[in-house]
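Residues per chain, in single letters:
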Amino acid sequence: MDGQNHGQNVYQSLDNLQTEKSAGKLLDPVDEQRLRDHQLRRLRKLWLKDQIISPEEPLMPEHKTVGIRGLFQTNLFKGLEHRKLGGFLASPAPRKWGYFLSYKFLRGSRFVGALMAVGVPVTYYLNYVSPFPADYICGDDTVYPGDNYFKAKRSELVWDAYSAAYKLKACELPPVDDDDCACV
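Bear in mind that the values here come from a model prediction, so they are computed numbers and not experimental data.

How each quantity is defined
Residues numbered from 1 in each chain as written. Predicted model: local features only at pLDDT ≥ 70, side-chain atom pairs only at ≥ 80, totals over all residues. Heavy atoms only, no water. Salt bridge = Lys/Arg side-chain N within 4 Å of Asp/Glu carboxyl O. Helix = DSSP H or I, 4+ residues; strand = E, 2+ residues; numbered from the N terminus. Patch = residues over 30% accessible without salt bridge, like charges linked within 9 Å, V, L, I, M, F, W, Y side chains within 5 Å. Areas by Shrake-Rupley, 256 points an atom, 1.4 Å probe, with all protein chains shown as cover. pLDDT = per-residue confidence, 0-100.

**Q** Explain the pattern of salt bridges to me, using residue names and the numbers behind them.
**A** Scanning the entire structure with this criterion turns up three salt bridges. With a shortest N-O distance of 2.4 Å, K21 and E32 are connected by a salt bridge. In this pair, K21 sits in helix α1 (residues 14-22) while E32 sits in helix α2 (residues 29-50), placing the two residues eleven residues apart along the sequence.

**Q** Break down the environment of L85 for me, citing the residues and quoting the values.
**A** Relative to the helices and strands, L85 is located in helix α4 (residues 85-90). A sequence separation of 15 residues divides L85 from F100, and the C-alpha atoms of the two residues are 8.8 Å apart.

**Q** Quick rundown of a nonpolar patch on the surface? Include the residues and the values.
**A** A cluster of nonpolar residues, V118, V122, Y124, Y125, L126, Y128, V129 and Y162, forms a patch on the protein surface that exposes about 860 Å² of accessible area. Following the sequence through the fold, V118 ends up in helix α5 (residues 97-129).

**Q** Tell me about the confidence of the model for the protein, residues and numbers included.
**A** Within the protein, residue pLDDT values average 78, and 78% of them lie at 70 or more. Mean pLDDT in the protein bottoms out at helix α3 (residues 67-73), which sits at 74, and peaks at α2, which reaches 91.

See below:
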């Protein structure tokens, strides 16, 4: 190494290198790398400076929760310090059992209520409104030779929602003999 750059700051002439490069002059690869490192450090410093949030800058706009989301996100028990049983029992503070149990009951009823809000209409539709029972999509029952349990095919049956049972369809043709038709 020659003694010219000994003791000098390696990055002292970076502004001159930048003006020379922008003028179209080809730089030495070492100077090119020094300039690139300097530019990246400067960009990183500016980026870090931009990440600092000023006190006037709003973080998130306040929004009012309405509807079901508002029901689930409201905090009705603001005085309750511990919301889990372990923390509640381990707390040295005086325990408010009624307050804690009413909180647990409300949380549980919210969950059960949400399930019932979906489940009750679906169950009602499948049991009383739908022309077919919920298990109708499973297909015809398997009947083996020699079985005399089944008296009719599923296609000969109609679902009666009010009695919750299958009933035979009425015969369309008058029967020749009373023993040939299994009409109700």
